[in-house]
Amino acid sequence: MQIEDNITAVLYRAGDLRLEKRPISEPKDDEVLLKICVVGICGSDLHLVNDGRIGPKIVDKPAVLGHEVSGIVWKVGNNVLNLKKGDRVAVDPGVHCFRCDPCRSGRGNLCVNAVFAGTLQSDGCLSRYFAHSADFCYRLPDHVSLEEGALVELVSVAIHACKQGRVGHGSVVLVQGAGPVGLMSLLVSKALGASKVLVTDYIQARLDKAKEIGADFIVQVHPRDSADVVKQKVISALVGDPTTSIDCVGSELTITVAVRATASGGVAVIVGFHGLPAVNIPITEAVIREIDIRGNHHYNNYDYHEALEMVATGTIDVKPLITHHYKIDEVQKAFNTATTREDNAIKVLIHTD
């Protein structure tokens, strides 16, 4: 393969991921052409590759995934002033219109005209070259690596989750799921001043990683545990109730635990989901105890700014989450590793250059 070839990973249907050569796009006036360097594999990518769908989104035509991205500016559009060729950038994949009511009220993540790369709505960045809005590319400081830059999007998701959960100084936080989003939510919770963070998972190796990067408590749960059993394990470990629960799994069980374990008047934030159209949750208990149940859709523009600042200043260290590296021609192996969690895989990166 020549470096000039725009090698791209294209998903045709569940389990059918192919490498193809695609044309290199010319950037529009407000865009930059990026030479993509690093792409992280997200849980949503795994759902699409393995199941052919996530929630209501179904793979019904060839699609390019990839939205955790860093790269180098290769060419700039006529109107671009904020970037130049050679700049190393982190890429915010969600382009907002800034004109609709949600955007104007500061909730760009709910933009009615949003185009989010790599989520079937628009092709993503698992490619050697990709044209993207210059306003949504953020120059990386010299000391921040391209690998760290690719994780800024994930940090943004965790920041938004913690804000949805009102996490601050003195908060007691339950994080369910010690995958990349859960571990990042742990890091951000501690950075925002949480006094205690407890992380649950089935897999002991992931819990060990959570403890290594700052969890105050870890609790191994089991697939056959009931919600009440998990709740009791959490409360026993914390010697009390969490004020915020961040559910990075999204199963009926974990959502139920998030409601039942959270202290009255607290917040349960649902970040992960299994793609089911509906689940049963204890809504009566949530009403009686005034538990806020809040969704978490991507993140706002300022969350991305804040995420890059946290990484650049060393407020959080994302490097311990990176466990595996693959080249783009090893894309199938990369997805297999992320799916099977081989060798205790957490964050798997694909290097496209």
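Residues numbered from 1 in each chain as written. Predicted model: local features only at pLDDT ≥ 70, side-chain atom pairs only at ≥ 80, totals over all residues. Heavy atoms only, no water.

Named according to an unreviewed UniProt entry, the chain is Sorbitol dehydrogenase originating from Photinus pyralis. Listed in UniProt under the heading Cofactor (unreviewed entry), the comment for the chain reads: "Zn(2+)". (UniProt positions renumbered as here; feature names shortened; annotations may be inferred.)

Look at helix α5 (residues 180–191) against helix α6 (residues 204–212): their axes get within 10 Å of each other, and the N-to-C directions meet at 20°. One way to sum up the angle between α5 and α6 is to call them roughly parallel. In terms of crossing hand, the pair formed by α5 and α6 is right-handed. Across the interface between the two elements, P180, L183 and L186 of α5 pack against R206, K209 and A210 of α6. Across the contact of α5 with α6, the residue classes tally to four nonpolar, no polar and two charged. (Axes fitted to C-alpha atoms, helices over the stretch in contact; angles between N-to-C directions. Helix = DSSP H or I, 4+ residues; strand = E, 2+ residues; numbered from the N terminus. Parallel < 35°, antiparallel > 145°, perpendicular 65-115°, else oblique. Left-handed = near helix turned anticlockwise from the far one by under 90°. Contact = heavy atoms within 4.5 Å. Nonpolar A, V, L, I, M, F, W, Y, C, P; charged D, E, K, R; others polar.)

Attention now goes to the side chain of S185. With respect to the helices and strands, the residue S185 is situated in helix α5. Sequence-distant contacts of S185, that is, excluding residues within four places in its chain, are made with A158, C162, V175, I246 and C248.

Here the focus is the domain arrangement of the chain. According to the domain assignment, the chain contains domain 1 (6–139 + 318–351) and domain 2 (158–295). Put simply, the middle of domain 1 and the middle of domain 2, counted by C-alpha atoms, are 28 Å apart. Taken together, the contact between domain 1 and domain 2 spans 12 residues of the former and 14 residues of the latter. Of the roughly 1,100 Å² buried where domain 1 meets domain 2, counting both sides, 67% is carbon and sulfur surface. Sorting the residues of domain 1 by area buried against domain 2 places L321, R341 and I346 first, and these three jointly supply 43% of that buried surface. Across the contact surface, domain 1 and domain 2 share three residue pairs in polar contact (both at pLDDT 80 or more). Of the residues in the side of domain 1 that touches domain 2, the class split is six nonpolar, four polar and two charged. (Domains from an automatic or database assignment. Buried area = accessible area lost by both parts, 1.4 Å probe. Polar contact = N/O pair within 3.5 Å; in protein donor to acceptor, adjacent residues only side chain to side chain.)

Taking 1.5 Å of rise per residue, the 13 residues of helix α10 (residues 301–313) would be expected to cover 18 Å, and the 19 Å separating its terminal C-alpha atoms lies within 8% of that figure. Those residues of α10 not exposed but buried are N301, D303, Y304, E306, A307, L308, M310, V311 and A312. Against β7 (88–91), β11 (137–139), α3 (146–150), α4 (152–164) and α5 lie the buried residues of α10. (Expected span 1.5 Å × (residues − 1). Buried < 20%, exposed > 50% of the residue type's maximum accessible area, 1.4 Å probe, protein only.)

This brings us to the sheet that holds strand β12 (residues 172–176). On the basis of which strands lie adjacent, the open sheet formed by six strands has the order β14-β13-β12-β15-β16-β17 and parallel pairing. Strands with a single pairing partner mark the edges of an open sheet, and in this sheet they are β14 (217–220) and β17 (292–295). Strand after strand, the sheet turns through a mean of 15° between neighbouring axes, direction not considered. Strand direction decides the pairing type here: β12 and strand β13 (residues 196–201), joined by five bridges, are parallel. Bridge pairing in β13 places Q176 opposite T200. (Pairing = 2+ DSSP bridges.)

Attention now moves to a nonpolar patch on the surface. Where nonpolar side chains cluster on the molecular surface, the patch consists of I283, V287, I288 and I293 and spans about 390 Å² of accessible area. Relative to the helices and strands, V287 resides in helix α9 (residues 283–288). (Patch = residues over 30% accessible without salt bridge, like charges linked within 9 Å, V, L, I, M, F, W, Y side chains within 5 Å. Areas by Shrake-Rupley, 256 points an atom, 1.4 Å probe, with all protein chains shown as cover. Salt bridge = Lys/Arg side-chain N within 4 Å of Asp/Glu carboxyl O.)

For the rest of this paragraph, the subject is the packing of aromatic side chains. What characterises a pair of aromatic rings is the spacing of the ring centres plus the angle enclosed by the ring planes. By the definition in use, this model includes four aromatic pairs. Centre to centre, the rings of Y138 and Y304 are 4.7 Å apart; their planes meet at 35°, and the pair counts as tilted. Of the two residues, Y138 is situated in strand β11 and Y304 in helix α10; the sequence distance between them amounts to 166 residues. A relative accessible area of 0% places Y304 in the buried class. Considering the side-chain rings of Y299 and Y304, the 6.0 Å spacing of their centres and the 40° angle between planes classify their relative orientation as tilted. Both residues of the pair, Y299 and Y304, count as buried. (Phe/Tyr/Trp six-rings, centres within 6.5 Å; stacked < 30°, edge-to-face > 60°.)

Turning our attention to α4. Its 13 residues place the ends of α4 18 Å apart at the C-alpha level, agreeing with the 18 Å of an ideal helix rising 1.5 Å per residue. Counting buried positions over the 13 residues of α4 gives 12, a clear majority of the element. By the burial criterion, the buried members of α4 are V152, E153, L154, V155, S156, V157, A158, I159, H160, A161, C162 and Q164. Phi turns positive one or two residues past the end of α4, at R166, with a value near 55°.

Now for the nonpolar core. Formed by 52 residues in total, the largest nonpolar core has its most connected members in V155, M184, V188, V199 and I316. Sort the elements by how many residues they give to this core and α4 lands first, with eight residues. Counting contributing residues, this core receives three or more from each of domain 1 (6–139 + 318–351) and domain 2 (158–295). The next biggest cluster of nonpolar side chains, apart from the first, holds 40 residues, and it includes L17, L46, V80 and I350. (Core = buried A, V, L, I, M, F, W, Y, C linked by side-chain atoms within 4.5 Å.)

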